[in-house]
Every structure is written in structure tokens, then in C-alpha cells.
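Descriptive structure summary
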Amino acid sequence: MVPIRGKKILPDIMMKTVFSYWKSPVAPNPVIRVQIINGQGKSVGIASYGISPISDRVYVFGIDIDIEFQRQGYASAFLKCLAREYQLPITPIKELNSAKSFWVSVRHMTHCGLIVTQDCDMDDERKRWKYLQPEIDRLEKQILERLERSEPWFEAVGRGLD
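What counts as what
- Residues numbered from 1 in each chain as written.
- Predicted model: local features only at pLDDT ≥ 70, side-chain atom pairs only at ≥ 80, totals over all residues.
- Heavy atoms only, no water.
- Helix = DSSP H or I, 4+ residues; strand = E, 2+ residues; numbered from the N terminus.
- Buried < 20%, exposed > 50% of the residue type's maximum accessible area, 1.4 Å probe, protein only.
- Contact = heavy atoms within 4.5 Å.
- Areas by Shrake-Rupley, 256 points an atom, 1.4 Å probe, with all protein chains shown as cover.
- Lys, Arg positive; Asp, Glu negative; His and termini not counted.
- Charge placed at Lys NZ, Arg CZ, Asp CG, Glu CD.
- pLDDT = per-residue confidence, 0-100.
- Phe/Tyr/Trp six-rings, centres within 6.5 Å; stacked < 30°, edge-to-face > 60°.
- Pairing = 2+ DSSP bridges.
- Axes fitted to C-alpha atoms, helices over the stretch in contact; angles between N-to-C directions.
- Expected span 1.5 Å × (residues − 1).

**Details of the overall build of the chain**
Helix and strand counts for the chain come out as five helices and seven strands. Written out in order from the N terminus, the α and β elements of the chain read β-β-β-β-β-β-α-β-α-α-α-α. Along the three orthogonal principal directions, the C-alpha set of the chain runs to about 55 × 35 × 25 Å. With 162 residues in all, the chain has 41% of them scored as buried. The long-range fraction of contacts in the chain, counting pairs at least 24 apart against all pairs at least 6 apart in sequence, stands at 54%. Carbon and sulfur atoms make up 52% of the accessible area of the chain, which amounts to about 9800 Å² in all. If you average the places of the 23 positive and of the 20 negative side-chain charges in the chain, the two averages end up 6 Å apart.

**Some points on the confidence of the model for the chain**
A residue-level look at the chain finds 95% of positions with pLDDT of 70 or above and a mean pLDDT of 90. Note that residues 1-6 has pLDDT below 50 and, in this model, nine contacts with residues that lie over four places away or in other chains.

**Concerning the packing of aromatic side chains**
Going through the model one piece at a time under the given rule, you end up with six aromatic pairs. Look at Trp22 and Trp153: their rings are 6.2 Å apart centre to centre, the planes differ by 75°, and that puts the pair in the edge-to-face class. Taken together, the residues Trp22 in the loop between strand E3 (13-20) and strand E4 (31-38) and Trp153 in helix H5 (residues 153-157) connect sequence positions 131 residues apart. For Trp22, a relative accessible area of 24% corresponds to the partly exposed category. A relative accessible area of 41% places Trp153 in the partly exposed class. Judged by centre distance (5.1 Å) and plane angle (70°), the rings of Phe102 and Trp103 are edge-to-face.

**Some remarks on the sheet that holds E3**
Pairing in this open sheet of five strands is mixed, and the strands run E3-E4-E5-E6-E7 from one edge to the other. Strands with a single pairing partner mark the edges of an open sheet, and in this sheet they are E3 and strand E7 (90-92). Strand-to-strand, the axes of this sheet are offset by a mean angle of 30°, without reference to chain direction. Taken together, the three bridges between strand E6 (residues 58-65) and E7 define a ladder with parallel strand orientation. Residue pairing for E7: Tyr59 is matched across the bridge by Thr91.

**Quick look at the pairing of strand E5 (residues 43-51)**
By the criterion of burial, E5 is predominantly enclosed, with seven of the nine residues buried. Two elements, E4 and E5, share seven bridges in a ladder whose sense is antiparallel. Looking across to E5, one finds that Val31 is bridged to Gly50. Hairpin connection of E4 to E5: four residues between the antiparallel strands, including Gly41 at a positive phi of 85°. With antiparallel pairing between neighbouring strands as the criterion, E5 and E6 make up a hairpin whose turn holds six residues, including Ser55 at a positive phi of roughly 50°.

**Let's talk about helix H4 (residues 133-148)**
With 16 residues, H4 should cover 22 Å at 1.5 Å per step; its first-to-last C-alpha distance of 23 Å lies within 8% of that length. Here the buried face of H4 lies against H5. Positive phi appears at Ser150, one or two residues downstream of H4, with a value of about 65°.

Below is the structure:
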């Protein structure tokens, strides 16, 4: 990374994603699990996130960069990709003390379109879309029916409502 006028150039990354609708905290939307891959094709870490069912923010449940790749901008690059893709504020869930300095630093990255809110409690957040509960129940029922038909796990939980 080379600084340019006080701003860091973030590394290029690719993301390999897997969707899971089973017991998703953002149901009826999925939790999206991501393998973060650097420009050389090497996995540098994993992350998980979900889009609010009312499409007003992206919740980040966790970012885990492998130790040999930490402090090289991969987590920030991941968040920048989310901001570019969804154009929504990013909200961390359960911001851990060990990651406080990271979250403080990315809150200053507004120059690249990144808006990071304070962390929040998912129980409080779910109250905002409680009216979707019948759809969430229907989704869970459909997934259970798929599993009863011996559909492979990742197929059964990897798609939403039929």
C-alpha cells in the first residue's frame, strides 16, 4: 500500500460468496458468507454480512483476516466493496474491543463512499421489520420441507422463498 495525499490505496480483492437463509438474523434475507481473496488468488480471510430486510443498511457480523495478511487493508477493502455494491450504510454487529481501532479508522473513510454507523443490537433491529414474520416463518417451513425431501443442505438453505 502506498499513501497518496494521506489516503491509503487499498488492495484489490475478489469475493467468493455463499448464501444461507437458515435462521438468518436478517431473514427473510440471507446471511452472506464471504471468502476474501487477494489479487494473487490467495485466500486472505473470511467475513459474513447481511442486508436489512428493509434495505436500509448492511450488517457486518464478522471479518476475520488471516494473521499474515492483517494490517494490509483487506478488511477495509472488503467494506469498500460492500459500500460500492449496495450503496448503504454499514453497521457492525457486536463491535469487539480488539477491533475498536479498526472500526474507528474505517469511519473516517467517507472519501471513498464508506459510511459506517455505530454497532447495534440485532434484537432491536429485528423489531423494525417484525411485520415480515409471516414471510420469515414461511421461509423456514420451506427450508425444512427441502431438507425432509433429502435435498442437500447447501442447496436447501442456499435459496430463499420459492
